[in-house]
Amino acid sequence: MASYAMTLSPAHFGGKSELGACSLFSPSIIAHKCRRQASNKIRAVMSPTQSQRTPSTTGSVKHAMTMTEKILSRASERSQLEPGENVWVNIDVLMTHDVCGPGTIGIFKREFGENAKVWDREKIVIIPDHYIFTSDERANRNVDILRDFCMEQNIKYFYDIKDLGNFKANPDYKGVCHIALAQEGHCRPGEVLLGTDSHTCNAGAFGQFATGIGNTDAGFVMGAGKLLLKVPPTLRFILDGEMPDYLLAKDLILQIIGEISVSGATYKSMEFIGSTVESLSMEERMTLCNMVVEAGGKNGVVPADKTTFKYLEDKTTMDFEPVYSDGNARFIQDYKFDVSKLEPLVAKPHSPDNRALARECKDVKIDRVYIGSCTGGKTEDFLAAAKVFLASGKKVKVPTFLVPATQKVWMDLYGLPVPGSGGKTCSQIFEEAGCDTPASPNCGACLGGPRDTYARMNEPKVCVSTTNRNFPGRMGHKEGQIYLASPYTAAASALTGFVTDPREFLH
Ligand code: SF4
């Protein structure tokens, strides 16, 4: 297929900046840093042991930094950082869930002691979400372990579920961790969020440094509140042009991963800018950042702006300080896209970089459609699917499974009117189109899960899915075939029983 990416020459490293240390930060950080420098200077004058004069230029040459470098710089209490440096980073939020939480807790107790206390009960967020609605005893036991630990440690943010028969009877229960983190105000610009899940990078949509870590690292963070991290270099993705009304952010990230491959951003930060990115909603920015790990990315970031601040208005009362890349920051490579020329895409089995135009796959017969997950199970994802069903006025030709990411999303499906529908909700439109009733919010079959997981692929089926991975066995059966797609393309495919370009119904 034609490619619209243009690789620009790598920006030069090592260019000296005229900026002083304070100008690297936002005004309140400037004030903070400047106060600290002044205080250090007084101590130096007063101390006879520090009277030896050092060259006046030492420490005065500063380099411009990217957003990611600045966030890590502040979190490590350093005025300057270089990609490749290893630094101790203070963590703002640690998230774990039912799959990795028990292992993390075990490591924390082994290394810090049976009676140890976590470093900060208000900075740890524990979210059961993966294997919830199952009769699998080991899966249920994992949630019990989380509950016992949260009671013992008085963890403030534990989104518990006890009644598996009716998720609505659990007011604390949220659903998929990455969307719950955003909806509950734990994603804040300029901060550092670590989670025991590879899609923790989702929170980069808020201009936060967010990345997945293993249980051993998480166990250490639980006790110490910090972690040794290597500063990643940054790739920059400049997305400009008017977004056609048949595209969604899922198409953009599939385009990018197809362009750079599943290893194209290994241990690199991916920064997204440009007029198209600025026009995206927070949920769409999440879709973009959610999948950076599918290109090997350490993290993804979108600069915080008025859209970010608006989203956060009713979600957090905590202060946060966004940071932005300096104009002359060092990016190892720029990729530029004219979004107005892109077409709906899929990632064919069995890799997220196996990119193809949806219309090129129109002969691929499918058995089912799955709309859900942290990538494609948000309110706007379902509104997009409903728009296609509404425009077609037809019924689906294959089983179509709907798994809202969170309890809030589930409520939106039953309460929000779909634009242009005369007041119908998503749930009404889905019912009229013959879809399955929206399931209880959780990760569902995105990760396969225990055999009794709703919509799990227990047989070798062909599925169009709004999830983020299509490796063999990902949704259950190792011979299953998964086509990753946007909610528009997934809904259009459900209506025909073949992989389908959504323009067939949207125009
Ligand atoms: S929805 Fe899927 S990708 Fe997202 S956290 Fe759950 S299992 Fe992982």
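Residues numbered from 1 in each chain as written. Predicted model: local features only at pLDDT ≥ 70, side-chain atom pairs only at ≥ 80, totals over all residues.

Engineer: Requested: an account of the overall build of the protein, with residues and values cited.
Structural biologist: Looking only at helices and strands, the protein features 16 helices and 18 strands. Counting across all 507 residues of the protein, residues that qualify as buried make up 51%. Summarising the internal contacts of the protein: among those between residues at least 6 apart in sequence, 76% fall at separations of at least 24. (Helix = DSSP H or I, 4+ residues; strand = E, 2+ residues; numbered from the N terminus. Buried ≥ 20, exposed ≤ 12 C-beta atoms within 10 Å, placed from the backbone. Contact = placed C-beta atoms within 7 Å.)

Engineer: Report on the packing of helix 12 (residues 379–392) against helix 15 (residues 487–496), specifying residues and quantitative values.
Structural biologist: Following both chains from N to C, one finds helix 12 and helix 15 inclined at 40°, their axes separated by 8 Å at the closest point. For helix 12 against helix 15, the interelement crossing comes out right-handed. On helix 15, the residues touching Asp381, Ala384, Ala385, Val388, Phe389 and Ser392 of helix 12 are Pro487, Tyr488, Ala490, Ala491, Ala492 and Leu495. Considered class by class, the residues forming the contact of helix 12 with helix 15 number ten nonpolar, one polar and one charged. (Axes fitted to C-alpha atoms, helices over the stretch in contact; angles between N-to-C directions. Left-handed = near helix turned anticlockwise from the far one by under 90°. Nonpolar A, V, L, I, M, F, W, Y, C, P; charged D, E, K, R; others polar.)

Engineer: Report on the site of the ligand, specifying residues and quantitative values.
Structural biologist: The immediate surroundings of the ligand are formed by 13 residues, with Ser373, Cys374, Cys443, Cys446 and Leu447 found nearest. The residue makeup of the shell around the ligand, split by class, is six nonpolar, six polar and one charged. Each of domain 1 (90–317 + 324–340) and domain 2 (346–506) contributes no fewer than three residues to the shell around the ligand. (Near = placed C-beta within 6 Å. Domains from an automatic or database assignment.)

Engineer: So what about the sheet that holds strand 5 (residues 157–158)? Which residues, and what values?
Structural biologist: On the basis of which strands lie adjacent, the open sheet formed by five strands has the order 5-4-3-6-7 and parallel pairing. If you trace the sheet from one side to the other, it starts and ends with strand 5 and strand 7 (209–212), each paired once. As paired elements, strand 4 (residues 124–127) and strand 5 share two bridges and run parallel to each other. Counted as the bridge partner of Val125 is Tyr157 from strand 5. Helix-sheet contacts for helix 6 (residues 215–224) involve strand 3 (93–97), strand 4 and strand 6 (192–195), and the interaxial angle to strand 3 is about 130°. (Pairing = 2+ DSSP bridges.)

Engineer: Before we move on, can you summarise helix 9 (residues 282–290) with the specific residues and values?
Structural biologist: The buried fraction of helix 9 is high, at eight of nine residues. Along helix 9, the positions that sit buried rather than exposed are Glu283, Glu284, Arg285, Met286, Thr287, Leu288, Cys289 and Asn290. Taken together, the buried residues of helix 9 touch helix 5 (177–183), helix 7 (249–260), strand 10 (269–273), strand 11 (299–301), helix 11 (373–376) and helix 12.

Engineer: Just give me the short version of the sheet that holds strand 15 (residues 368–372), but keep the residues and values in it.
Structural biologist: Taken together, six strands build an open sheet; the order of strands is 14-13-18-17-15-16 and the sheet is mixed. Of all strands in the sheet, those with a lone pairing partner are strand 14 (355–357) and strand 16 (400–403), marking the two edges. Averaged over neighbouring strand pairs, the angle between their axes works out to 25° when direction is ignored. In terms of strand pairing, strand 17 (residues 462–465) meets strand 18 (residues 481–485) through four bridges, oriented parallel. Residue pairing across strands places Cys463 opposite Ile482, the latter belonging to strand 18. Contacts from helix 7 reach strand 13 (345–347), strand 14 and strand 18 within the one sheet, and its direction differs from that of strand 13 by about 55°. With respect to the sheet, helix 15 is in contact with strand 13, strand 15, strand 16, strand 17 and strand 18, its orientation differing from that of strand 15 by roughly 150°.

Engineer: Tell me about the pairing of strand 18, and name the residues and values.
Structural biologist: Most of strand 18 is tucked away, with five of its five residues classed as buried. Every second residue of strand 18 is oriented toward a common face, with Gln481, Tyr483 and Ala485 on one face and Ile482 and Leu484 on the other, all of them buried. Relative to strand 18, strand 13 is paired through two bridges, and the arrangement is antiparallel. Each residue of the ladder has a partner; that of Ala347, found in strand 18, is Leu484.

Engineer: A description of the pairing of strand 16 should follow, citing residues and the corresponding values.
Structural biologist: Residue alternation in strand 16 divides its side chains into two sets, Thr400 and Leu402 and Phe401 and Val403, and both sets are buried. Sheet topology note: the strand 15/strand 16 ladder contains four bridges and is parallel. The residue of strand 16 that forms the bridge with Val369 is Thr400.

Engineer: Please set out unusual backbone geometry residue by residue, giving values where relevant.
Structural biologist: Looking along the chain, the bond that leaves Pro349 and enters His350 is cis, with omega of 0°. Tracing the sequence through the fold places His350 in the loop between strand 13 and strand 14. Phi at Asn154 takes a positive value of approximately 55°, unusual for a residue other than glycine. As for its placement among the helices and strands, Asn154 is situated in the loop between helix 4 (137–153) and strand 5. Backbone geometry at Ser373 places phi at a positive 85°, although glycine is not the residue there. With respect to the helices and strands, Ser373 occurs in helix 11.

Engineer: Tell me about the environment of Thr317, residues and numbers included.
Structural biologist: By the secondary structure assignment, Thr317 is in the loop between helix 10 (306–312) and strand 12 (333–338). Along the primary structure Thr317 and Gly185 are separated by 132 residues, whereas in three dimensions their C-alpha atoms are 8.5 Å apart.

Engineer: Run through the nonpolar core, naming residues and quoting values.
Structural biologist: Membership of the largest hydrophobic core comes to 143 residues, with the highest contact counts inside it found for Leu94, Val346, Ala385, Ala386, Phe389 and Ala491. If you tally residues by element for this core, the top one is helix 12, at eight residues. Taken together, domain 1 (90–317 + 324–340) and domain 2 (346–506) each give at least three residues to this core, which thus spans both. (Core = buried A, V, L, I, M, F, W, Y, C linked by C-beta atoms within 7 Å.)

Engineer: Provide a residue-level description of the environment of Glu82, including the pertinent values.
Structural biologist: Tracing the chain through its elements places Glu82 in the loop between helix 2 (67–75) and strand 2 (86–90). Overall, the presence of 14 C-beta atoms within 10 Å leaves Glu82 in the partly exposed class. Along the sequence, Glu82 and Arg330 sit 248 residues apart, while their C-alpha atoms lie 9.8 Å from each other.

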